[in-house]
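# An overview of the molecular structure
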Amino acid sequence: MRRDTICALASGHPPAAISVIRVSGPETTSIIAERLSVSQLKPRHATLVELRSESGDQIDSGLAVFMLGPASYTGEDTLEISLHGGRMITELALQSIMSAGARLAEPGEFTRRAFEAGKLDLTRAEAVADLIDAESEAQLDQALKQMDGALETLYSGWREDLTETLALLEASIDFPDEEDAPERVDAPVRQKLENLKSALQQALADGNVTERIRDGFRIAILGKPNAGKSTLLNQLAKREAAIVTDIPGTTRDVVEVRLTMGGYLVWVSDTAGLRETHDVVEAEGVRRALKAGDEADLRIWLHDAREPFRSDRVRPGDLVVSNKSDLVDPKSVSRETLAISAKAGDGIDEVEAEIVARISSLTKNVTAPIITRARHRQGIERALAHLETASQNLDNGIGAELVSEDVRLASRDLGTLTGHVDPESVLGAVFSSFCIGK
Ligand SMILES: Nc1nc2c(ncn2[C@@H]2O[C@H](COP(=O)(O)OP(=O)(O)O)[C@@H](O)[C@H]2O)c(=O)[nH]1
Ligand SMILES: [Mg+2]
């Protein structure tokens, strides 16, 4: 298949100091000859060139670097040219390159070509997007490990185990006459299936944390109306994200803010105060508050220090914070609970430190990413379901052919994660979330 040539602005929006324009595909060398002041570029050398329009007018001068395929990111001939980052220069430069035979790239298309050229598997391609999107240190660290192949190694290892299992099963299909073949084969196959199932189950459990590192940990602030939940949210967000009044029932919807705390991305939700109400809107708010609480990785129960706190909804691991400490005698406050004044901003650092400590304890056993996207989780869940069917069939003495079929399906599911199997079905979804020029 002969590909077309793509181009895009790879740097941030102009005006900026520099605009980097990227070109990849078979027309790259002819675009260089037609539009640059040199007829060809020495690969992997930076050359100062002029870029010209279709009619031969100079648009700008800048540094051009040519990579001869397949030794390039995309595996194709590519050109990167750094120009002054003006709006007009950038627009004219792209027009000039397009008029010489390129078209504008789609989001993620350069990386998609890299994937198709076998330069990286799908999990590394996803890591490229995650590197760009990372806002917290933990996200960046995880994306770098994924880029290094942590997920590819993990997922491909499981597939290799499945391939070995299949080989054992094939052996029993090929030699059905050997009386003792089933027994000889059953035990090792069963053992392999059990090991893999527990590995996948463990990954689904532990992977929750690495998925959260990428997507953000969810923290819900819960409590009675007027406890000061919205005031606390605003303090954590360092802006007036939620409306604060002395009227109970002010917050009705869930207000979410995205923050980085201690190197982690977190979503803090402020919720409607929990109480019995006949107000339809407020009741819906309470329902949403409880749902946010259920879905949260950490629940903060905030209460007015002037009232004793009790709630049968508190679960082990929840953080109880007593607010409005400015209104009570400090001696009356128990040393056990975190006491703050959200209004005065006292104790907010301690709340933050406690949140970070709780998240750190969730992540402490995780040294490498396991699952970072819903796509990975779904693939592993599907593979596990096939392995369970395979085990059951084996236990029920159903023929090796049928057992193999489910093992093969499980292997296929794991293969879609790295993109080694059936890439077309997932490529669109993976690359559409990329930025243009990447
Ligand atoms: N004195 C005092 N008042 C507070 C404190 N935190 C919040 N408030 C007040 O309590 C009322 C309810 O606060 P709000 O954040 O809306 O509570 P929510 O219903 O839990 O969201 C407002 O009048 C706040 O100014 C605090 O630490 N000390
Ligand atoms: Mg509120």
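It should be noted that the structure appears before, not after, this text.
Everything numeric here is computed off the predicted structure, so don't read it as measured data. (Residues numbered from 1 in each chain as written. Chains lettered and ligands numbered in written order. Predicted model: local features only at pLDDT ≥ 70, side-chain atom pairs only at ≥ 80, totals over all residues. Heavy atoms only, no water.)

Our next topic: the pattern of salt bridges. Applying the stated rule across the entire model yields 42 salt bridges. Note that Glu-135 is salt-bridged to Arg-258, the shortest N-O span being 3.3 Å. Of this pair, Glu-135 sits in the loop between α4 (122-133) and α5 (137-147) while Arg-258 sits in strand β8 (residues 255-261), and the two are 123 residues apart along the sequence. Here Glu-135 falls in the partly exposed class, since its relative accessible area comes to 42%. A residue is classified by how much of its surface remains accessible, and Arg-258, at 45% relative accessible area, is partly exposed. Residues Arg-252 and Asp-279 are paired through a salt bridge, measuring 2.8 Å at the closest nitrogen-oxygen approach. Residue Arg-252 is located in the loop between α8 (229-237) and β8, and its partner Asp-279 is located in the loop between β9 (264-270) and α9 (280-295); the two are separated by 27 residues in the primary sequence. (Salt bridge = Lys/Arg side-chain N within 4 Å of Asp/Glu carboxyl O. Helix = DSSP H or I, 4+ residues; strand = E, 2+ residues; numbered from the N terminus. Buried < 20%, exposed > 50% of the residue type's maximum accessible area, 1.4 Å probe, protein only.)

Four donors placed tetrahedrally about a metal ideally form angles of 109.5 degrees, and six donors placed octahedrally ideally form angles of 90 or 180 degrees. Distances from the magnesium ion (ligand 2) to its protein donors, namely Ser-230 (OG) and Thr-251 (OG1), fall within the range 2.0 to 2.1 Å. Linking Ser-230 in helix α8 with Thr-251 in the loop between α8 and β8, this pair joins segments that are 21 residues apart in sequence. Take Ser-230 and Thr-251: they sit in the same class, and that class is buried. (Donors = N, O, S within 2.8 Å, 3.2 Å for Na, K, Ca; no water.)

Our next topic: the pairing of strand β2 (residues 16-24). Relative to β2, strand β1 (residues 5-9) runs antiparallel, the two sharing four bridges. Along β2, the bridge assignment pairs Leu-9 with Ile-21. As judged from the eight bridges shared by β2 and strand β5 (residues 78-85), these two strands associate in the antiparallel manner. In the strand pairing of β5, Arg-22 is matched with Glu-80. (Pairing = 2+ DSSP bridges.)

Burial within β1 is extensive, with five of its five residues counted as buried. Because side chains alternate across β1, one face comprises the buried residues Thr-5, Cys-7 and Leu-9, and the other comprises Ile-6 and Ala-8, equally buried. Sheet topology places β1 next to strand β6 (residues 102-104); three bridges connect them, and they run parallel. Note on β6: the bridge partner recorded for Cys-7 is Leu-104. Hairpin geometry of β1 and β2 is characterised by an intervening segment of six residues between the two adjacent antiparallel strands.

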